[in-house]
Amino acid sequence: MGIENKSKSTNNIHIILFGYWCVLVAWQSVVASANRSGMDLLIKIGLIALLTLYIFLHSDKYVGANLLYLLIFGGCLSIPLFLKETFSLNILISYIFPCLFLFLTFVLGNRFEINRQQLLTFLHGIILAVAYMAVYAILFCGDQFARAFSISSAYGNELTSFLISNHEYGLYLIGGITGCLICLVFKQSAPVKAKLPYFAALALFIPNLILTFSRTSLMGMACILLVYIALSRRNKLKRYLIVALTVGTAAILYVPVLHTFFMRIVLKNNATAGRDVLYELAVDFFKEGTALEKLFGHGITQSRRFFEDTTSHGSVHNAYLQILVYFGLSVLLLLVIFLVTQMVANLKLIRKSRFWGTILAAVLFMSVAVMFANTAYIFNSSIDSYFLTVFAIIVPKYVRNSIYTGTFDVAGDG
């Protein structure tokens, strides 16, 4: 999975991947969650069909070694579907989508490339979409900004814009902020006025991210910044980030009102919010299973029913434990192997392009970290999982492909 192959095909996969996510975001923005009903499924099925058609028509049909991994993954994933599940369209999508998405992007689309200009277009799309969310939040959730320093608890005051959860919003803000930072590197030689839109976007996104009160998202953003600072060479972006983090940390530590706000509200006094109970329950649920259930999971329906009956929560708020109880040790091990191969591929890229190897490794490390405290996980069909997969896995893979084949144009590499 870390092997990059030369591709002769040209495509606009960056637009297709972005468009898929953008349609789902637009659907959330215009229709209240209570009124979506079966239309969600129809839209999701339509998007999957279009993605499948596009990749099938534009791939060179090269299969490669990734097919073996897919067959093993699909086989392990499908066992609880046939042994445990009551069939429904929702359940079928939950099992079929990961295999189909992996097949499309890492088997049929294994040699797709995203070059410098295509990546810039993709990032601009994310920045504009996230800016829309942030402006919406200011216009229609303005009271949450106005009373941010007067609330006594973060719970019930999390900023979500028009999205379902603060964690989902926080994930998109991470994408927007990271996109701005990468674009600033793209335009490091450009005049200041060309950089102003990105600085304005950062000034918009950062307060929104803080007011999500999503510690998971803040941790994810911190992972990107710290990994980049640790692995990158000296450059303007690295210096600016060190100064900004130093000043920000000093302000939080020594300005009383900021210290109280961040420790008591943003970081919620390090309260676990019941996650420790859910984690312990998930481990116990796993341990109590039969040998077959330990290896291949209890299935989605049975697991959700257990947690809803026991805790009123339908999920564990930890992607790794979620996968463990849903699909068992086999799929969890395959996920870990996949993540390790992608990280190795990104770190190897450092030898060819220090900046891109570093920033791609940082983004992947973010995804690994946020899955410890979030239910979104790569190759799942939910909108936030889709975004995480595209932003941290698929687009980086296609950027690596382009760099190795010499079509990316790494001029100005920092």
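Residues numbered from 1 in each chain as written. Predicted model: local features only at pLDDT ≥ 70, side-chain atom pairs only at ≥ 80, totals over all residues. Heavy atoms only, no water.

(A) Structural view of the overall build of the chain. In terms of regular secondary structure, the chain is built from 17 helices and zero strands. Taken along its principal axes, the extent of the C-alpha atoms in the chain is 60 × 55 × 40 Å. Taking as baseline every contact in the chain between residues at least 6 positions apart, the subset at least 24 positions apart corresponds to 78%. For the chain, the accessible surface area stands at approximately 18,100 Å², while carbon and sulfur atoms represent 68% of it. In the chain, the 31 positive side-chain charges and the 18 negative ones have mean positions that sit 14 Å from each other. (Helix = DSSP H or I, 4+ residues; strand = E, 2+ residues; numbered from the N terminus. Contact = heavy atoms within 4.5 Å. Areas by Shrake-Rupley, 256 points an atom, 1.4 Å probe, with all protein chains shown as cover. Lys, Arg positive; Asp, Glu negative; His and termini not counted. Charge placed at Lys NZ, Arg CZ, Asp CG, Glu CD.)

(B) Expanded view of the environment of Ser59. The topology assignment puts Ser59 in the loop between α2 (39-58) and α3 (66-83). You can call Ser59 buried: its relative accessible area is 8%. When the C-alpha atoms of Ser59 and Gly328 are compared, they prove to be 33 Å apart, with 269 residues separating the residues in sequence. If sequence neighbours within four positions are ignored, Ser59 has contacts with Leu108 and Phe112. (Buried < 20%, exposed > 50% of the residue type's maximum accessible area, 1.4 Å probe, protein only.)

(C) Spotlight on the nonpolar core. In this structure, Trp21, Leu119, Phe205, Trp356 and Ile393 are the most contacted members of the largest nonpolar core, which totals 139 residues. With 16 residues, helix α15 (residues 319-349) is the largest single contributor of residues to this core. (Core = buried A, V, L, I, M, F, W, Y, C linked by side-chain atoms within 4.5 Å.)

(D) Fine view of the packing of helix α4 (residues 89-108) against helix α17 (residues 383-405). It is the contact of α4 with α17, at a shortest axis distance of 11 Å, that shows an interaxial angle of 20°. In terms of orientation, α4 and α17 fall into the roughly parallel class. Our pair here, α4 against α17, has a crossing hand that is right-handed. Mapping the contact onto sequence places Phe97, Phe101, Thr105 and Phe106 in α4 and Tyr386, Thr389, Val390, Ile393, Ile394, Lys397 and Tyr398 in α17. (Axes fitted to C-alpha atoms, helices over the stretch in contact; angles between N-to-C directions. Parallel < 35°, antiparallel > 145°, perpendicular 65-115°, else oblique. Left-handed = near helix turned anticlockwise from the far one by under 90°.)

(E) Representation of the environment of Tyr404 within the structure. Relative to the elements of secondary structure, Tyr404 occurs in helix α17. With relative accessibility at 34%, the residue Tyr404 sits in the partly exposed group.

(F) Spotlight on a nonpolar patch on the surface. Taken together, the side chains of Leu53, Phe56 and Leu57 present a nonpolar region at the surface, about 310 Å² in accessible area. Structurally, Phe56 is set in helix α2. (Patch = residues over 30% accessible without salt bridge, like charges linked within 9 Å, V, L, I, M, F, W, Y side chains within 5 Å. Salt bridge = Lys/Arg side-chain N within 4 Å of Asp/Glu carboxyl O.)

(G) The arrangement of the confidence of the model for the chain in detail. Taken residue by residue, the chain gives an average pLDDT of 90. The fraction at 70 or more is 94%. Contacts for the low-pLDDT stretch residues 2-9, under 50 throughout, to residues beyond four places or in other chains number 21 contacts. (pLDDT = per-residue confidence, 0-100.)

(H) Quick look at the packing of aromatic side chains. Throughout the structure, instances matching the rule amount to 31 aromatic pairs. Between Tyr136 and Phe162, the ring centres sit 5.2 Å apart and the planes meet at 90°, which makes this aromatic pair edge-to-face. Note that Tyr136 is positioned in helix α5 (residues 116-140) and Phe162 in the loop between α6 (142-146) and α7 (166-186), a separation of 26 residues in sequence. In this structure Tyr136 comes out as partly exposed when scored by relative accessible area, which is 23%. Judged by relative accessible area, which is 10%, Phe162 ranks as buried. Aromatic side chains Phe338 and Phe379 sit 5.6 Å apart centroid to centroid with 80° between the ring planes, which places their arrangement in the edge-to-face category. Separated by 41 residues along the polypeptide, Phe338 in helix α15 and Phe379 in the loop between α16 (354-370) and α17 bring together distant segments of the chain. Look at Phe338 and you get buried, because its relative accessible area is 2%. Through a chain of ring-to-ring contacts, the aromatic side chains of Tyr20, Tyr69, Phe73, Phe97, Phe101, Phe106, Phe338, Phe379 and Tyr386 assemble into a single cluster. (Phe/Tyr/Trp six-rings, centres within 6.5 Å; stacked < 30°, edge-to-face > 60°.)

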